[in-house]
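# Residue-level structural notes
Here is how the chains run, residue by residue.
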Amino acid sequence: MTMASEAAAAMMVLRLRRIYAMELRYWYLLRRSWPRLVDLVYWPTIQMLLWGFINSFLATNSSWVAQAGGVLIAAVLLWDVLFRSQIGMALSFLEEMWSRNLGHLFVSPLTPGEWVVSMMLVSLMRTVVGVLPAALLAMPVFGYSVFDLGLPLLAFFINLMVMGWWLGLIATGLILRWGLGAENLAWMAVFILAPVSAVYYPVSVLPPLLQGVAWLLPSSHVFEGMRAVQFHHTFPLGDFALAVGLNLVYLAGAAALFLRLFHQAQQRGALLVTGE
Amino acid sequence: MSHAVIKVDDLTKCFGALVAVDRISFTVPAGSVTGLLGGNGAGKTTTLSMLLGLSLPTSGVIEILGHQMPRERSRILPRLNFSSPYVDLPHRLTVAENLTVYAHLYGLSGIAARIRDLAAELDINRFLTRPTGSLSAGQKSRVALAKALLNRPRVLLLDEPTASLDPDTADWVRTYLERYRDETGATILLASHNMDEVQRLCAQVLVMRSGRVVTRGTPADLLGRYGRDRLEDVFIDIARDRDGNADGTGRADAA
C-alpha cells in the first residue's frame, strides 16, 4: 500500500467516523424522546388504517379496486416512504437549527457533504421505523401484505427514498437561505407534488398538461409501476429506468443547490446565527 | 519572538452595503492570549466567525497554523476549537452524549477516557448524565469549555467565555484558561466585554470600532497611551471616539 493510498484510507475512516457521529447524535435524540418515536409510527399507521378501510369498501363497490386487492394500501404505504424520507431529512436539519448547534458542527471537521450523507441515513432509519409497523399491521387487519409485491417493492422503495432525499435537500437548502421562517417548506414540500404523483389513480386521469408534469416525476413512474405489478403482474422496466434516471438528475441538482445555498449562508454569516 | 499562529491580512467582510469588518490586519503569536475588544457591532463576532470558517471573507487573507482559512479548513479545524455562549449544544442530549458526538466528529481515540479526564478537570462529573438544556449558565459554560477542549486544540477561539457567569465561576474559567495555555502552549484569541478579564489574561489587545482595529498593544501600553488607570476607561474613550491619537482607521498604530 502506497503512502498516498494509506492517507486516503485514513481520510475515509475519519469521514465515516464523522458520519457515524451524526448518526449517534440523532439516535441519542430519538431514543430519549418518546413523542418523537410515537410521531414516527403514528401517522403511517393511521394513514394505512384509513386507506385500508376505504380499500375494503371500494373492493366491493369498485371493479377497479376489486381487480387488485390492497392497491390503495400499497399506495399509501409507498407514499409514506416518500413522505418519511423527505421529512426525515428536513427534521434532522431542523433539529440543528432549533438547538442552535450549526456553529459548533461546522467548526468541527464535519463537511456539508458528510452532514448530508448522515441526514440521508437518518431519514432511511426513520422511514423504516415509521412504515414497517404499519406494513406489518396491514397483514392481520386487512389480510394484505405489501411484501407480496416481491422484489419490485425494493425498487419502488429505493426510488421513493431517493426522491425524498432530493426533496429534503431542496427544502433544507431553502430553510438555510430563509431561516426558520421558512420551516413550513419542510412539511409541505412533498405535498406540492402529491396531486401529480399519481399515488391513488393512474396518470391518465390527469389533464394532458399535468400528465406531462407527472411523467417528469420519479414518483409517478413508481406508482404506475406498482399498479402494473398489482394489476398485470409485470414489472415495467421502462418506468423503473426513467424513475432511476430522473432521480439521479434531480439528486445531483438538489445537492448542487444545497451546497450553493450553504455557501451563501457562509457568505451571510448565517451558520453562527441561525433562527427566524 | 514567537511565530504567529494566526495571521490576518487586510480582512474585509461586507453584508451588502454594510462593511462589518474593514481591512483589518493582525497577528496572534504562538502561546499567547490575545483579546479582541469592541462595543456591540464593532465586528468582533464577524471576525471570529471568519477565523472559524463559518463566514466567508469578502476579501483578505486568514492564515491559521500555516494554512489558509477557509480553503484549507480540513487541515485547520481538527486542531482548533471554539466556544460561545451564543451557540448551544443540543439541549436534549446529555452532557456525556454531546461530548461523545463531538469526540467522534474530531476523530478522537480513547473517547471514554478523554471525557472522564475532562469531566474531572472541569468538575462536570456530577452532570454528565443530565440533559445539557437542564444545566445552569455556569454549568453550561463548563460543558462548553469541555467541548472546546476535547480535541486538545492548538488554537482556541472564545467568544465572551465568561458572559453571564457569576464572579466565582468566571474567575474559575479564567484560571483554567491560564493553566491550559501554560500547560499546552495553546494560542487563545478571545472576544470579551470584560475588561478585568482582558487585563488579567491577555498579552495583547486589539480594539475594534466600526469594523476596524483602531488601537492595539499590551494592556499596560493602552493604559499609558490613554492616560487611564483602568482598561474600562480606555474602552469607553475609544468607543466614544475620545482616543486622541487613533484616527479611526486603525492604521495609525504600529502592529
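Parameters and conventions
- Residues numbered from 1 in each chain as written.
- Chains lettered and ligands numbered in written order.
- Predicted model: local features only at pLDDT ≥ 70, side-chain atom pairs only at ≥ 80, totals over all residues.
- Helix = DSSP H or I, 4+ residues; strand = E, 2+ residues; numbered from the N terminus.
- Rg over C-alpha atoms; globule rule 2.2 N^0.38 Å.
- Buried ≥ 20, exposed ≤ 12 C-beta atoms within 10 Å, placed from the backbone.
- Contact = placed C-beta atoms within 7 Å.
- Pairing = 2+ DSSP bridges.
- Axes fitted to C-alpha atoms, helices over the stretch in contact; angles between N-to-C directions.
- Core = buried A, V, L, I, M, F, W, Y, C linked by C-beta atoms within 7 Å.
- Parallel < 35°, antiparallel > 145°, perpendicular 65-115°, else oblique.
- Left-handed = near helix turned anticlockwise from the far one by under 90°.
- Nonpolar A, V, L, I, M, F, W, Y, C, P; charged D, E, K, R; others polar.
- pLDDT = per-residue confidence, 0-100.

### Comments concerning the overall build of chain A
Per the secondary structure count, chain A includes 11 helices and 0 strands. Relative to its length of 276 residues, chain A is compact, with a C-alpha radius of gyration of 20 Å against a globular reference of 19 Å. Dimensions along the principal axes, computed over C-alpha positions, put chain A at roughly 60 × 45 × 40 Å. Looking at the 276 residues of chain A, the share that counts as buried comes to 44%. Long-range contacts, defined here as pairs at least 24 residues apart, represent 74% of the contacts in chain A between residues at least 6 apart.

### What to know about the overall build of chain B
Across its full length, chain B holds 9 helices and 10 strands. Scaling as 2.2 N^0.38, a compact globule of 255 residues should have a C-alpha radius of gyration of about 18 Å, and chain B matches this with 18 Å. Referenced to the eigenvectors of the C-alpha coordinate spread, the extents of chain B come out at roughly 55 × 40 × 40 Å. For chain B, the residues scored as buried account for 48% of the 255 residues in total. Expressed as a percentage of contacts within chain B between residues at least 6 apart in sequence, the contacts between residues at least 24 apart total 67%.

### Looking at the sheet that holds strand 7 (residues 155–159) of chain B
Residue and element names in this part refer to chain B. Taken together, 6 strands build an open sheet; the order of strands is 6-7-8-3-9-10 and the sheet is mixed. A single partner strand is all that each edge strand has here, and the edge strands are strand 6 (80–83) and strand 10 (212–217). Strand-to-strand, the axes of this sheet are offset by a mean angle of 15°, without reference to chain direction. Bridging between strand 3 (residues 33–38) and strand 8 (residues 187–191) involves 4 bridges; their strand directions are parallel. For Leu36, the partnering residue across the bridge sits in strand 8 and is Ala191.

### Overview of the pairing of strand 8 of chain B
A regular strand places its side chains on the two faces of the sheet in alternate fashion. All names here are of chain B. The buried fraction of strand 8 is high, at 5 of 5 residues. Residues of strand 8 alternate between two faces, with Thr187, Leu189 and Ala191 on one and Ile188 and Leu190 on the opposite face, all of them buried. As defined by bridge partners, strand 7 adjoins strand 8 across 5 bridges and the pair is classed as parallel. Along strand 8, the bridge assignment pairs Val155 with Thr187.

### Some thoughts on the nonpolar core
Counting 155 residues, the largest nonpolar core has Ile73(A), Leu77(A), Leu78(A) and Leu157(B) as the members making the most contacts within it. At 17 residues, the largest contribution of residues to this core is made by helix 4 (residues 71–98) of chain A. Once residues lying within four places of it in the same chain are set aside, the contact partners of Ile73(A) are Met48(A), Trp51(A), Gly52(A), Asn55(A), Ala138(A), Phe142(A), Tyr144(A) and Val146(A).

### Describing the packing of helix 4 of chain A against helix 6 (residues 112–142) of chain A
All names here are of chain A. Axis separation between helix 4 and helix 6 bottoms out at 8 Å; the angle between their running directions is 155°. Viewed along their axes, helix 4 and helix 6 adopt a mutual orientation that is roughly antiparallel. Relative to helix 6, helix 4 is oriented so that their crossing is right-handed. Here Ile73, Leu77, Asp80, Val81, Arg84, Ser85, Gly88, Met89, Ser92 and Phe93 of helix 4 lie close against helix 6, whose contacting residues are Met119, Met120, Val122, Ser123, Arg126, Thr127, Gly130, Val131, Ala134, Ala135, Ala138 and Phe142. Of the residues contributing to the contact of helix 4 with helix 6, the split by class is 13 nonpolar, 6 polar and 3 charged.

### Focus on the interface of chain A and chain B
The interface is formed by 27 residues belonging to chain A together with 28 residues belonging to chain B. Only helix 1 (3–31), helix 5 (102–105) and helix 11 (237–268) of chain A provide two or more residues apiece to the side of chain A that touches chain B. In terms of residues, the side of chain A that touches chain B owes the most to one element, helix 1 of chain A, which gives 9 residues. In terms of residue class, the side of chain A that touches chain B is made up of 12 nonpolar, 9 polar and 6 charged.

### Overview of the environment of Phe240(A)
Residue and element names in this part refer to chain A. With respect to the helices and strands, Phe240 occurs in helix 11. On the basis of neighbour count, Phe240 is assigned to the partly exposed category, with 18 C-beta atoms found within 10 Å. Here the alpha-carbon distance between Phe240 and Met161, two residues 79 residues apart in the chain, equals 14 Å. With residues up to four places along the chain from it excluded, the contact list for Phe240 reads Ala155, Gly225 and Phe235.

### With respect to unusual backbone geometry
Here Met69(B) and Pro70(B) are connected by a cis peptide whose omega angle stands at 10°. Relative to the assigned elements, Pro70(B) resides in the loop between strand 5 (67–69) and helix 2 (73–76). Look at Ala198(A): it is not a glycine, yet its phi comes out positive at around 55°. Note on placement: Ala198(A) falls in the loop between helix 8 (184–193) and helix 9 (208–214). Phi is positive for Ser210(B), close to 50°, though the residue is something other than glycine. Here Ser210(B) lies in the loop between strand 9 (204–209) and strand 10. On the neighbour-count criterion, Ser210(B) (18 C-beta atoms within 10 Å) is partly exposed.

### What to know about the sheet that holds strand 5 of chain B
Residue and element names in this part refer to chain B. Read across the open sheet, the 4 strands follow the order 2-1-4-5; overall the sheet is antiparallel. Of all the strands in the sheet, the pair left with one neighbour each is strand 2 (18–29) and strand 5. Pairwise comparison of adjacent strand axes, ignoring direction, gives a mean angle of 25° for this sheet. Relative to strand 2, strand 1 (residues 4–15) is paired through 8 bridges, and the arrangement is antiparallel. Looking at the pairing, Ile6 lines up with Val28 of strand 2.

### Examining the confidence of the model for chain B
Residues and elements named next belong to chain B. The share of residues in chain B with pLDDT of 70 or more is 94%, and the mean pLDDT across the chain is 89. Ignoring residues within four places in sequence, the model shows residues 243–255, a span with pLDDT below 50, making 24 contacts including any to other chains. The ipTM assigned to the predicted complex is 0.85, against a pTM of 0.87.

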